[in-house]
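What the coordinates show
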Amino acid sequence: MILRDVTLLDRGETRTGAIAFDEESGTITAVGDDVVDAGSDERAISLPGYTVLPGLVDAHVHYSLSGERSVEDVVDMSDAELALVEARNARRTLEAGITGVRAMGARDIDPQVRNAIDDGDITGPRTVANCRSITITGGHGHHLGREITGPADARRAVREQVKQGAEFIKFMTTGGVTTPGTDPDQVAMTEGEIDAIVDEAHRRGVHAATHVHGAEGAKVAIEAGVDTVEHGTFLDDEAVEMFLEHDVTLVPTLSAPYHIVRNIETATEESARKTRHVYERHIESFGKALEAGVRIAGGTDAGTPFNYHGANATEVEFMAKYGMDPTEAVRAMTETAAETVGLDGSGTLEAGTYADLLVVDGDVTEDLTLLNNPTAVIKDGRVVSGSVPGQ
């Protein structure tokens with residue numbers, strides 16, 4: 001198929017042109033001036049006024065959670081029940097225009113869901129999967145995670161996750177908003193445990209991502225060599241400087257506290273109290289990191305309270321609202337996110353890469369809300385949601 005006379009939004013830039021892609025190979029075959037006239041076997045459609053951009057990539061989702069008020073609502077599910085939940089959430093995510101994700105772990109199910117998507121048995125985005133997030137005993141996310149005590153146990157936990165198919169390791173440096181009895185601003189793990197996790201992850205050839213709210217947690221994790229920091233709620237100037245010095249990516253997940261604040265009356269007492277404390281600080285930290293030039297990848301924390309799968313595109317709006325240029329906000333949740341999580345061949349409009357595309361009616365750079373309702377979602381060169389006008 002060839003789409004002509006569209007606005008191509010890629011790598012933070014726009015231009016009018018054409019794009020060709022092939023269902024059989026599932027790839028983009030040509031872009032812009034390289035698109036030749038349609039042959040007898042190609043369908044050429046003119047779509048002036050439409051924008052074509054790469055499918056969004058969400059660097060932080062939880063397939064295992066569905067926006068419940070509390071994680072307690074899912075901890076008693078069997079593995080079979082949780083696998084069905086994950087399959088449903090993966091489908092909703094793809095149909096909303098998110099063609100790639102990094103799934104942040106729950107028990108050992110994410111790799112199985114990833115494999116089923118790759119095999120075509122279920123519908124979902126390209127998925128970079130983790131197994132169980134690593135946390136201290138009773139720490140944030142312990143309900144579905146792997147609790148550790150000491151550096152040796154930390155290394156063992158990393159090896160267990162990789163053995164089960166994890167493509168990266170996630171660990172909880174600080175407490176969290178949604179786990180009772182944990183403090184988001186306090187470092188929970190010892191430096192020895194953090195060093196062991198990051199070192200062992202890199203020894204096993206996978207990247208390391210850490211849940212961090214407090215500045216001290218960010219500093220110790222960055223010093224240990226972590227690859228991405230998730231949330232970064234209470235960053236100070238020293239922490240921001242360390243992001244730059246060590247070339248670490250921030251995944252701010254601005255959506256997560258927003259949805260709790262919007263539903264504060266129905267949130268759990270602990271989530272409500274903690275979110276009131278972190279909300280404005282989170283926005284300030286994002287602005288501080290953005291102004292300093294920290295690399296930012298878009299991620300939603302989808303699945304956390306009231307943060308539903310399928311609404312992922314709102315993260316682009318939040319990043320723009322709090323300081324990013326709209327085109328750079330899109331780039332953060334396409335090219336940058338794909339590079340950050342290791343989804344090679346995704347996130348850009350380039351010949352030879354996956355034909356994972358969004359077709360949107362209107363100018364996305366003028367109205368980012370259009371991303372919430374794409375006209376067509378295309379993965380592997382095939383329309384998986386909506387339809388291409390004139391097809």
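The chain is annotated in an unreviewed UniProt entry as Amidohydrolase-related domain-containing protein from Halogranum salarium B-1.

Moving on, we get to the overall build of the chain. What the chain contains, in helices and strands, is eleven helices and 17 strands. Computed over the C-alpha atoms, the radius of gyration of the chain is 20 Å, within 12% of the 21 Å expected from 2.2 N^0.38 for a compact globule of 391 residues. If one aligns the C-alpha atoms of the chain with their principal axes, the spans along those axes are about 65 × 40 × 40 Å. Taken across its 391 residues, the chain has 60% of its residues classed as buried. Of the contacts formed within the chain by residues at least 6 apart in sequence, a portion of 69% connects residues at least 24 apart. When the accessible surface of the chain is split by element, carbon and sulfur atoms take 43% of a total near 15,100 Å². Charged side chains in the chain number 33 positive and 67 negative. The centres of these two groups are separated by 5 Å.

It is worth spelling out the nonpolar core at this point. If you look at the biggest cluster of nonpolar residues, it comprises 71 residues, and the most contacted ones within it are Leu53, Ile134, Phe171, Ile197, Val226, Met319 and Leu371. Element by element, the count of residues in this core is highest for helix α5 (residues 215-224), at six residues. No fewer than three residues from each of domain 1 (2-54 + 348-386) and domain 2 (56-341) sit in this core. Residue contacts for isoleucine 197: discarding those within four places in its chain leaves Ile134, Ile148, Ala154, Val158, Ile169, Phe171 and Met189.

Across the six residues that make up strand β6 (residues 56-61), a large majority, six, are buried. With four bridges joining them, β6 and strand β7 (residues 98-103) adopt parallel strand pairing. Each residue of the ladder has a partner; that of valine 61, found in β7, is alanine 103. Handedness of the β6-helix α1 (residues 79-95)-β7 crossover: right-handed.

With eight of ten residues buried, α5 is to be regarded as a mostly interior element. Buried residues of α5: Ala215, Gly217, Ala218, Lys219, Val220, Ala221, Ile222 and Ala224, and no others. Turning to α5, the residues buried within the fold contact α4 (191-203), β12 (207-214), β13 (228-234) and α6 (237-246). Remark: glycine 225 follows α5 within two positions and exhibits a positive phi of approximately 105°.

A few words on the domain arrangement of the chain. One can read the domain layout of the chain as domain 1 (2-54 + 348-386) and domain 2 (56-341). Of note, the centres of domain 1 and domain 2, computed from C-alpha atoms alone, are 30 Å apart. Facing the 22 residues of domain 1 at the interface are 22 residues of domain 2. Between domain 1 and domain 2 lies a buried interface of about 1,800 Å² when both sides are counted; carbon and sulfur atoms form 63% of it. Among the residues domain 1 hides against domain 2, the three largest losses belong to Arg11, Leu368 and Lys379. Together they make up 29% of the total. Counting across the domain 1 and domain 2 interface gives three salt bridges. Salt-bridge contacts for aspartate 380 lead to arginine 126; the nearest nitrogen and oxygen are separated by 2.5 Å. Inspection of the domain 1/domain 2 interface yields nine residue pairs in polar contact (both at pLDDT 80 or more). Mapped by element, the contributors of at least two residues to the side of domain 1 that touches domain 2 are β5 (50-54), β16 (376-379) and β17 (382-386). Broken down by element, the residue count for the side of domain 1 that touches domain 2 peaks at three residues, all from β16. When the residues that make up the side of domain 1 that touches domain 2 are grouped by side-chain class, the tally is twelve nonpolar, six polar and four charged.

Moving on, we come to the packing of aromatic side chains. This model, assessed by the stated rule, comprises one aromatic pair. Ring centres of tyrosine 258 and phenylalanine 318 lie 4.6 Å apart, and the angle between their planes is 50°; on these two criteria the pair is classed as tilted. One end of the pair, tyrosine 258, is in helix α7 (residues 255-262); the other, phenylalanine 318, is in helix α9 (residues 314-321), and 60 residues separate them in sequence. Judged on exposure class, the residue tyrosine 258 and its partner phenylalanine 318 are both buried. Residue placement shows arginine 102 over the ring face of phenylalanine 168; its charged tip is 5.3 Å from the ring centre.

Of all eight residues making up α9, six are buried, and the element is well covered by its neighbours. By the burial criterion, the buried members of α9 are Thr314, Glu315, Val316, Phe318, Met319 and Ala320. The inward-facing, buried residues of α9 abut α7, α8 (269-292) and α10 (326-332). The first or second residue beyond α9 is glycine 323, which carries a positive phi of 130°.

What the three strands build is an open sheet, ordered β6-β7-β8; its pairing is parallel. Looking at which strands have only one partner, the edges of the open sheet turn out to be β6 and β8 (126-129). With direction set aside, neighbouring strand axes in the sheet form an average angle of 15°. The sheet strands contacting helix α2 (residues 110-118) are β7 and β8, and the helix crosses β8 at an angle near 155°.

Our next topic: the packing of α6 against α8. At a minimum axis distance of 10 Å, the contact between α6 and α8 shows a crossing angle of 45°. Judged by the inter-axis angle, α6 sits oblique to α8. Judged by the twist between their axes, the crossing of α6 over α8 is right-handed. In this structure, α6 contributes Asp237, Val240 and Leu244 to the contact, and α8 contributes Lys288, Ala289 and Ala292. Residue composition of the contact of α6 with α8, by class: four nonpolar, no polar and two charged.

Conventions and cut-offs
- Within each chain, residue numbers correspond to sequence positions counted from 1 in written order.
- Where totals are concerned, whole chains, interfaces and linings use all residues; where local detail is concerned, this predicted model gives features only for residues with pLDDT of at least 70, and gives and counts side-chain atom pairs only at 80 or more.
- The basis for every side-chain value is the complete set of heavy atoms in the structure, and neither hydrogens nor water enter the calculation.
- Every helix listed is a DSSP run of H or I at least four residues long, and every strand listed is a run of E at least two residues long, numbered separately from the N terminus.
- With C-alpha atoms as the basis for the radius of gyration, the globule rule is written as 2.2 Å multiplied by the number of residues raised to the power 0.38.
- When accessible area is computed with a 1.4 Å probe and restricted to protein chains, residues below 20% of their type maximum are described as buried, those above 50% as exposed, and intermediate ones as partly exposed.
- Contacts are assigned to residue pairs with any non-hydrogen atoms lying within 4.5 Å of each other.
- Note on areas: Shrake-Rupley, 1.4 Å probe, and residue coverage restricted to the protein chains presented here.
- Charge assignment: positive for Lys and Arg, negative for Asp and Glu; neither His nor the chain ends contribute.
- Charged groups are reduced to one reference atom each: NZ for lysine, CZ for arginine, CG for aspartic acid, CD for glutamic acid.
- Buried residues of nine kinds, namely Ala, Val, Leu, Ile, Met, Phe, Trp, Tyr and Cys, make up a nonpolar core once their side-chain atoms join them within 4.5 Å.
- Just so you know, the domain bounds were taken from an automatic or database domain assignment.
- Strands qualify as paired when DSSP identifies two bridges or more between them.
- Viewed with both strands pointing away, a crossover whose connecting path from the first strand over the helix to the second turns clockwise is right-handed.
- Buried area: the accessible area, evaluated with a 1.4 Å probe, that two parts lose upon being put together, summed over both parts.
- Salt-bridge detection follows one rule: a side-chain nitrogen of Lys or Arg within 4 Å of a carboxyl oxygen of Asp or Glu.
- As used in this structure description, the phrase polar contact means that two N or O atoms lie within 3.5 Å; if the pair is within protein, one of them must be able to donate a hydrogen and the other to accept it, and residues adjacent in sequence are counted only when both atoms belong to side chains.
- Each residue is assigned to one class: nonpolar for Ala, Val, Leu, Ile, Met, Phe, Trp, Tyr, Cys and Pro, charged for Asp, Glu, Lys and Arg, and polar for all the others, Gly among them.
- By convention, a stacked pair of Phe, Tyr or Trp rings (six-membered ring in the case of Trp) has centres within 6.5 Å and planes under 30 degrees apart, an edge-to-face pair has planes over 60 apart, and any other such pair is tilted.
- To sit over a ring, a charge needs its Lys NZ or Arg CZ within 6 Å of the ring centre and within 35 degrees of the ring normal.
- Axes here refer to lines fitted to C-alpha atoms; in helices the fit is confined to the stretch in contact. Angles between the N-to-C directions go from 0 to 180 degrees.
- Note that the term roughly parallel is reserved for angles under 35 degrees, roughly antiparallel for angles over 145, roughly perpendicular for angles of 65 to 115, and oblique for everything else.
- Crossings are classed by handedness, with left-handed meaning an anticlockwise turn of the near helix from the far one by less than a right angle and right-handed meaning a clockwise turn.

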